[in-house]
Amino acid sequence: MRDALVAAAFRLFLERGYEQTTVDDIVALAGVGRRSFFRYFPSKEDVVFPDHERCLADMTAFLAGGSDDDEPVGRVCDAARLVLRMYAENPTFSVQRYRLTRQVPGLRAYELSVVWRYERALAEYLRRCFAARREGTLQADVIAAAVVAAHNNALRSWLRSDGRGEASSAVDHALGYVQSAFGAVPVPPVAEQPEDVVVVVARRGAPLWRVVQEIEATLGRG
């Protein structure tokens, strides 16, 4: 029934326009009552984003299921890929929704509130990981915002192309910038330089200044 309501809603949105379609129109086309609609969707806006609650729950569970050995920035990038997977599961629907949200200001505002919830989930995870750092909260918030911005930049580029090609490659490329900027990069150990050993041969009784001069000359040649 949930899928039937979504299908009916988008058919009407495409035919009549979002503003001209009412909940009564949707339930009439789907062949159900108003109570059934509100059992699944609190509002007409929610039927446009039927899968975000599930995706947000999946993301939260994924982050909570991490271990202490996980690299935090890599983990939140992987969490963002769960959102991409949701869009890629049904490219046609995702493209239709993208076009609709571009046309309706109220839906753009609703979408921003959804994106903010994703960002908050990522930031909360990073704050826990960076709790011992001096500016852990600031770092967590900045990285979470960067992950969302990189993901959305690539995702929207894919949606503008009508869902052609592989969205994952573009998102991976964008998230790579975040990981290169904020991820933990192993620092190679500094190779120990062998100490210089200088052997100076001098005549017994040679003045000290002459010995020092020989040493300086030898080091200069090295």
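Nothing here was measured: the structure is a model prediction, and the numbers come from that model.

Asker: Where do I start with the pattern of salt bridges in this structure?
Answerer: Any two side chains of opposite charge can pair, so long as their charged atoms come close to each other. The final tally for this structure, using the stated rule, is 14 salt bridges. Note that D24 and R34 form a salt bridge whose closest N and O atoms lie 2.8 Å from each other. On the criterion of sequence distance, the pair formed by D24 in helix 2 (residues 23-30) and R34 in helix 3 (residues 34-40) is long-range, its members being 10 residues apart. Overall, the relative accessible area of 41% leaves D24 in the partly exposed class.

Asker: Explain the nonpolar core to me, please; I cannot follow it from the model alone.
Answerer: M59, Y118, L122, L126 and V147 are the most contacted members of the largest nonpolar core, which totals 40 residues. Those elements that provide at least two residues to this core are helix 5 (52-64), helix 6 (72-89), helix 7 (91-103), helix 8 (105-129), helix 9 (136-160) and helix 10 (167-182). Apart from residues no more than four positions distant in its own chain, M59 is found in contact with A79, A80, L82, V83, Y118, A121 and L122. Residues Y18, V48, F93 and L100 belong to the second largest nonpolar core, which totals 20 residues.

Asker: What's the story with helix 6 in this structure? I'm lost.
Answerer: Along an α-helix, residues three or four positions apart point the same way, because every turn accommodates 3.6 residues. Its 18 residues place the ends of helix 6 26 Å apart at the C-alpha level, agreeing with the 26 Å of an ideal helix rising 1.5 Å per residue. Most of helix 6 is tucked away: 13 of the 18 residues are buried.

Asker: Explanation requested: the packing of helix 7 against helix 8 in the structure shown.
Answerer: Helices that pack against each other are described as a pair by the angle of their axes relative to one another and the distance between those axes. Where helix 7 meets helix 8, the axes come as close as 5 Å, and the angle between the chain directions of the two elements is 115 degrees. Taken as axis vectors, helix 7 and helix 8 run roughly perpendicular relative to one another. Where helix 7 abuts helix 8, its residues L100, T101, R102 and Q103 lie against P105, L107, R108 and E111.

Asker: For this particular structure, what's the right way to read the environment of H151?
Answerer: Checked against the element boundaries, H151 lands in helix 9. It is 8.0 Å that separates the C-alpha atoms of H151 and L84, two residues lying 67 residues apart in sequence. Here the side chain of H151 touches L84 through a polar contact of 3.4 Å, landing on its backbone nitrogen.

Asker: Got a minute to help me understand the packing of helix 5 against helix 8 in this structure?
Answerer: Close contact between helix 5 and helix 8 brings their axes to 10 Å; oriented N to C, the two are set at 5 degrees. The angle between helix 5 and helix 8 places the two elements in the roughly parallel class. Each of H52, E53, C55, L56, M59, T60 and L63 in helix 5 lies in contact with helix 8, whose residues at this interface are V114, R117, Y118, A121, L122 and Y125. Taken together, the residues that form the contact of helix 5 with helix 8 break down as nine nonpolar, two polar and two charged.

Asker: Got a minute to help me understand unusual backbone geometry in this structure?
Answerer: The phi torsion of most residues other than glycine is negative, and most of the peptide bonds are trans. Even without being a glycine, D162 presents a positive backbone phi close to 65 degrees. Along the chain, the position of D162 falls in the loop between helix 9 and helix 10. Overall, the relative accessible area of 38% leaves D162 in the partly exposed class.

Asker: Explain the packing of aromatic side chains here, please?
Answerer: The geometry of an aromatic ring pair is captured by two quantities: the separation of the ring centres and the angle between the planes. Taken as a whole and assessed by the stated rule, the structure comprises seven aromatic pairs. Where F13 meets Y18, the ring centres are 5.0 Å apart and the plane angle is 55 degrees; that geometry is what we call tilted. Residue classification places F13 among the buried residues on the basis of a relative accessible area of 4%. Judged by its relative accessible area of 6%, Y18 falls in the buried class. The structure contains a cluster of three or more aromatic residues connected by ring pairs, namely F10, F13, Y18 and F93.

Asker: Explain helix 5 here, please?
Answerer: Look at helix 5: 18 Å from first C-alpha to last across 13 residues, which is about the 18 Å you get at 1.5 Å a residue. Of all the residues in helix 5, the buried ones are H52, C55, L56, M59 and L63. The buried residues of helix 5 occupy one face: seen down the axis, they fall within an arc of 100 degrees. Those residues of helix 5 that are buried are in contact with helix 6, helix 7 and helix 8.

Asker: Which parts of the structure should I look at to understand a nonpolar patch on the surface?
Answerer: Judged by side-chain polarity, L138, V142 and F182 come together as a nonpolar surface patch covering roughly 250 Å² of accessible area. Among the secondary structure elements, F182 is positioned in helix 10. A relative accessible area of 36% means that F182 is categorised as partly exposed.

Calculation criteria
Residues numbered from 1 in each chain as written. Predicted model: local features only at pLDDT ≥ 70, side-chain atom pairs only at ≥ 80, totals over all residues. Heavy atoms only, no water. Salt bridge = Lys/Arg side-chain N within 4 Å of Asp/Glu carboxyl O. Helix = DSSP H or I, 4+ residues; strand = E, 2+ residues; numbered from the N terminus. Buried < 20%, exposed > 50% of the residue type's maximum accessible area, 1.4 Å probe, protein only. Core = buried A, V, L, I, M, F, W, Y, C linked by side-chain atoms within 4.5 Å. Contact = heavy atoms within 4.5 Å. Expected span 1.5 Å × (residues − 1). Axes fitted to C-alpha atoms, helices over the stretch in contact; angles between N-to-C directions. Parallel < 35°, antiparallel > 145°, perpendicular 65-115°, else oblique. Polar contact = N/O pair within 3.5 Å; in protein donor to acceptor, adjacent residues only side chain to side chain. Nonpolar A, V, L, I, M, F, W, Y, C, P; charged D, E, K, R; others polar. Phe/Tyr/Trp six-rings, centres within 6.5 Å; stacked < 30°, edge-to-face > 60°. Arc of directions from axis to C-beta. Patch = residues over 30% accessible without salt bridge, like charges linked within 9 Å, V, L, I, M, F, W, Y side chains within 5 Å. Areas by Shrake-Rupley, 256 points an atom, 1.4 Å probe, with all protein chains shown as cover.

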